[in-house]
Amino acid sequence: MNEIEEAVCWSGPAVIILFTLGVSESWLPENAFTVAAMRPDHVKRYPLGPDPEGRRGIVQSYDLAFDDIDRDFVPYLRECLQKASTEAEGIAWLGFEGSFHYDNLFTDEVADKI
């Protein structure tokens, strides 16, 4: 098993958390996570609000749950990041379930888990 599978499958199905920080208040459309015939089995959205440092960025979180992941998982995630950052008009990054608490999302303690 590779490091990504170990990190994202510790509680059963693979769960990748995709975050966006940008100026767009719109949610990513459902089809944003469909890439080359691959898509999550479930998507949950969570608004996180403005950047806690007082800047005007909008932070949103998407739980992407997969019953199975395959060898094309990493290129799939790269494409999702590119789409998400464009749609959010900002940046996007990935984390995994259990790697942080939302109150500490932008802290140094969490940086090595993203």
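Look a little higher up for the structure.
Please read all numbers here as calculations on a predicted model, not as lab measurements.

Each value, and the rule that gives it
- Residues numbered from 1 in each chain as written.
- Predicted model: local features only at pLDDT ≥ 70, side-chain atom pairs only at ≥ 80, totals over all residues.
- Heavy atoms only, no water.
- Buried < 20%, exposed > 50% of the residue type's maximum accessible area, 1.4 Å probe, protein only.
- Helix = DSSP H or I, 4+ residues; strand = E, 2+ residues; numbered from the N terminus.
- Pairing = 2+ DSSP bridges.
- Phe/Tyr/Trp six-rings, centres within 6.5 Å; stacked < 30°, edge-to-face > 60°.
- Core = buried A, V, L, I, M, F, W, Y, C linked by side-chain atoms within 4.5 Å.
- Contact = heavy atoms within 4.5 Å.
- Polar contact = N/O pair within 3.5 Å; in protein donor to acceptor, adjacent residues only side chain to side chain.

Chemist: Please clarify how the pairing of strand β1 (residues 14-22) should be interpreted in this entry.
Modeler: In regular strands, side chains alternate between the two faces of the sheet. Taken across its nine residues, β1 has nine buried, putting it largely inside the fold. Every second residue of β1 is oriented toward a common face, with Ala14, Ile16, Leu18, Thr20 and Gly22 on one face and Val15, Ile17, Phe19 and Leu21 on the other, all of them buried. One ladder, built from nine bridges, connects β1 with strand β3 (residues 58-66); its direction is antiparallel. Bridged to Leu21 within β3 is Val59. Here β1 pairs with strand β4 (residues 90-96) via seven bridges, running antiparallel. Pairing of Ile17 across the sheet is with Gly95, part of β4.

Chemist: Would you explain the packing of aromatic side chains in this entry?
Modeler: Any pair of aromatic rings gets described here by the distance separating the centres and the angle formed by the planes. Within this structure, the stated rule accounts for four aromatic pairs. Seen from their ring centres, Phe19 and Trp93 are 5.3 Å apart, and the 20° between their planes marks the pair as stacked. Here the residue Phe19 occupies a position in strand β1, and Trp93 occupies one in strand β4, the gap between them amounting to 74 residues. The interplanar angle of 90° and the centroid separation of 5.4 Å between the aromatic rings of Trp27 and Tyr62 together place this pair among those described as edge-to-face. One end of the pair, Trp27, is in the loop between β1 and β2 (42-50); the other, Tyr62, is in strand β3, with 35 residues separating them in the sequence. The partly exposed category is assigned to Trp27, whose relative accessible area is 27%. Here the aromatic residues Trp27, Phe33 and Tyr62 are joined through ring pairs into a cluster of three or more.

Chemist: Explanation requested: the nonpolar core in the structure shown.
Modeler: As a rule of thumb, nonpolar side chains are buried together in soluble globular proteins. Ranked by size, the top nonpolar core spans 18 residues in total, and within it Leu18, Leu28, Phe33, Phe66, Phe73 and Tyr76 carry the most contacts. Counting only elements with at least two residues in this core, the list comes to β1, β3 and α2 (73-88). By residue number, the principal contributor to this core is α2, which donates five residues. For Leu28, the contacting residues outside a window of four places in its chain are Leu18, Thr20, Phe33, Arg45, Tyr62, Ala84 and Glu87. With five residues, the next largest nonpolar core counts Ile17, Leu21, Val59 and Trp93 among its residues.

Chemist: Is there a simple way to think about the side chain of Thr20 in this case?
Modeler: Position of Thr20 among the secondary structure elements: in strand β1. Apart from the residues within four sequence positions on either side, Thr20 is in contact with Leu28, Ile58, Val59, Gln60, Tyr62, Ala84, Ala88, Ile91, Ala92 and Trp93.

Chemist: So what exactly am I meant to see when it comes to unusual backbone geometry here?
Modeler: The phi angle of most residues is negative, glycine excepted, and most peptide bonds adopt the trans form. Here the phi dihedral of Glu89 falls at roughly 55°; this positive angle occurs in a residue that is not glycine. For Glu89, a relative accessible area of 55% puts it in the exposed group.

Chemist: Help me understand the side chain of Gln60, please; the structure alone is not making it clear to me.
Modeler: You can see Gln60 is positioned in strand β3. Within the local environment of Gln60, its side chain forms a polar contact with the side chain of Tyr62, the two groups lying 3.1 Å apart. Aside from chain neighbours lying at most four places away, what touches Gln60 is Leu18, Phe19, Thr20, Glu25, Ser26, Trp27, Tyr46 and Leu48.

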